[in-house]
Amino acid sequence: MKNLLHTPARLLMLSMLAAAPLFSACSDNDDPTPDEDNEQITTITYTLTPLSGGSPVTVSYRDLDGDGGSAPVIGSLNLAPNTTYTGVVTLLDETKNPATDISAEVRAEADEHLLVFEPAPANLLTITRTDRDQNNLELGLQTRVVTTGTTTGTLKVTLRHQPGAKNGTFAPGSTDVEVVFPTTIR
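Residues numbered from 1 in each chain as written. Predicted model: local features only at pLDDT ≥ 70, side-chain atom pairs only at ≥ 80, totals over all residues. Heavy atoms only, no water.

**Remarks on the pairing of strand β8 (residues 125-129)**
Side chains Leu-125, Ile-127 and Arg-129 of β8 all project onto a buried face; the interleaved residues Thr-126 and Thr-128 project onto a face where none is buried. Judged from the five bridges that link them, β8 and strand β9 (residues 142-147) form a sheet pairing that is antiparallel. Bridging across to β9, Thr-128 finds its partner in Arg-144. (Buried < 20%, exposed > 50% of the residue type's maximum accessible area, 1.4 Å probe, protein only. Helix = DSSP H or I, 4+ residues; strand = E, 2+ residues; numbered from the N terminus. Pairing = 2+ DSSP bridges.)

**Points about the pattern of salt bridges**
Scanning all chains against the criterion turns up six salt bridges. Between Lys-96 and Asp-93 there is a salt bridge, with its nearest N and O atoms 2.9 Å apart. The class of Lys-96 is partly exposed, set by a relative accessible area of 37%. Note that Glu-118 is salt-bridged to Lys-156, the shortest N-O span being 3.9 Å. (Salt bridge = Lys/Arg side-chain N within 4 Å of Asp/Glu carboxyl O.)

**Things to note about the nonpolar core**
Ranked by internal contacts, the top residues of the largest apolar core, which has 30 residues, are Tyr-46 and Leu-91. With four residues, the single largest contributor to this core is strand β11 (residues 174-185). Apart from residues no more than four positions distant in its own chain, Leu-91 is found in contact with Ile-41, Thr-43, Ile-44, Thr-100, Asp-101, Ile-102, Ser-103, Val-106, Leu-141 and Leu-159. (Core = buried A, V, L, I, M, F, W, Y, C linked by side-chain atoms within 4.5 Å. Contact = heavy atoms within 4.5 Å.)

**Focus on the sheet that holds strand β7 (residues 113-120)**
Pairing between the strands of a sheet comes from backbone hydrogen bonds, and it takes one of two forms, parallel or antiparallel. Strand order in the open sheet formed by four strands is β4-β11-β10-β7, with mixed pairing between adjacent strands. Two strands close off the open sheet at either side, each with one partner strand: β4 (77-79) and β7. Here the strands of the sheet are splayed against their neighbours by 25° on average, with no regard to which way each runs. Relative to strand β10 (residues 151-161), β7 is paired through eight bridges, and the arrangement is antiparallel. Among the inter-strand pairings, Phe-117 is bridged to a residue of β10, identified as Val-157. (Axes fitted to C-alpha atoms, helices over the stretch in contact; angles between N-to-C directions.)

**Examining the environment of Ile-74**
Within the secondary structure, Ile-74 is located in strand β3 (residues 73-74). A relative accessible area of 38% places Ile-74 in the partly exposed class. Between the C-alpha atoms of Ile-74 and Asp-63, which are eleven residues apart in sequence, the distance is 8.7 Å. Ignoring sequence-local partners within four residues, the contact set of Ile-74 consists of Ser-60, Tyr-61, Val-179, Val-180, Phe-181 and Pro-182.

**Looking at the confidence of the model for the chain**
For the chain, per-residue confidence averages 84 on the pLDDT scale, and residues scoring 70 or more make up 79% of the total. pLDDT under 50 marks residues 1-5. Its contacts with residues more than four places away, or in other chains, come to four contacts. When the criterion is pLDDT under 50, residues 8-38 qualifies, and its contacts beyond four places in sequence or with other chains add up to five contacts. (pLDDT = per-residue confidence, 0-100.)

**Quick notes on the environment of Arg-132**
Locating Arg-132 in the fold gives a position in the loop between β8 and β9. The exposure class assigned to Arg-132 is partly exposed, which follows from its relative accessible area of 45%. For the pair Arg-132 and Leu-114, spaced 18 residues apart in the sequence, the C-alpha separation amounts to 9.6 Å. What Arg-132 contacts, discounting residues up to four positions off in sequence, is Leu-137, Glu-138 and Leu-139.

Printed below as a string of structure tokens:
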């Protein structure tokens, strides 16, 4: 009599029985929930108000369709020489209606974010971040800006996302958004 344990059909049947628990239906409680979409930053507005009084100066970046679509609209920053300003950065996602205030989310997660300001040339402006997170590290949604004499250059503004790694420097994490504003002081 032939040994049925070693026939190909028998081996196939045993394999299927062993694998059956892997193919069983999951209960409703096991269904994964989709991850929340990452927030998109379409608009950056930097408003600078002279400490000595006068009208605020606003510059903005706007890219409603994100990377690869239409070119973003980038304004120019025009400041007075030898002047001190208080600054406020506002971040928006205008793909939603109404627009979502991403700066509120950044403030709520301040220990995971850092706004970095890089003037070029380096002596174009002096920018000090005046707000801090719960670990006493700077955030950058609020600033103090001091201009020099008459000159031109650029101001690069970068929002760094640094969950679990924020140490007050640019290096850890990744870039959420970055823009370079042409800057004139006169």
